[in-house]
Amino acid sequence: LVSSGLDGIEIYNPNHSQEDINKLLTYAQKRGLLMTGGSDFHGFHQDKRVGFFDIRYSWLKSLKDMNIRQNQK
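As the structure is a computational prediction, the values presented were derived from the model and not from experiment.

Here the focus is the pattern of salt bridges. Following the criterion strictly, the structure yields 2 salt bridges and no others. Across the pair E19 and K23 runs a salt bridge whose closest N-O atoms are separated by 3.2 Å. In this pair, E19 and K23 both sit in helix α1 (residues 18-31), 4 residues apart, roughly one turn of the helix. The partner of D65 in a salt bridge is K61, and the shortest N-O contact between them spans 3.0 Å. Linking D65 with K61, this pair stays in helix α2 (residues 57-72), spanning 4 residues, or about one helical turn. On the accessibility criterion, D65 (28% relative accessible area) is partly exposed. A relative accessible area of 40% places K61 in the partly exposed class.

Following this line, the structure appears as structure tokens:
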């Protein structure tokens, strides 16, 4: 998929084990992929958020920078 234009991969997800996260981090870093995280948040369950993750600000900045570059084309 990388050779076909894949730009990024979701690292953090409630369905990923710590082992999955470590493998995905290594894979993404070796290939220079954008890294993201998702909570899979689809609403509130008993007044609590389900699957909350913090992601690194640098990841958000990378996504923002890529969006700016694509919009300049």
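Below, the discussion takes up the environment of K23. On the accessibility criterion, K23 (53% relative accessible area) is exposed. Once the C-alpha coordinates of K23 and I11 are considered, the two residues, 12 residues apart in sequence, prove to be 9.0 Å apart.

Our focus in this paragraph is the nonpolar core. By size, the foremost hydrophobic cluster in this structure holds 10 residues: I9, I11, Y12, I21, L24, L25, A28, L33, M35 and W59. Taken together, the elements giving at least two residues each to this core come down to β1 (8-12) and α1. In terms of residues, this core owes the most to one element, α1, which gives 4 residues.

What counts and what doesn't
- Residues numbered from 1 in each chain as written.
- Predicted model: local features only at pLDDT ≥ 70, side-chain atom pairs only at ≥ 80, totals over all residues.
- Heavy atoms only, no water.
- Salt bridge = Lys/Arg side-chain N within 4 Å of Asp/Glu carboxyl O.
- Helix = DSSP H or I, 4+ residues; strand = E, 2+ residues; numbered from the N terminus.
- Buried < 20%, exposed > 50% of the residue type's maximum accessible area, 1.4 Å probe, protein only.
- Core = buried A, V, L, I, M, F, W, Y, C linked by side-chain atoms within 4.5 Å.

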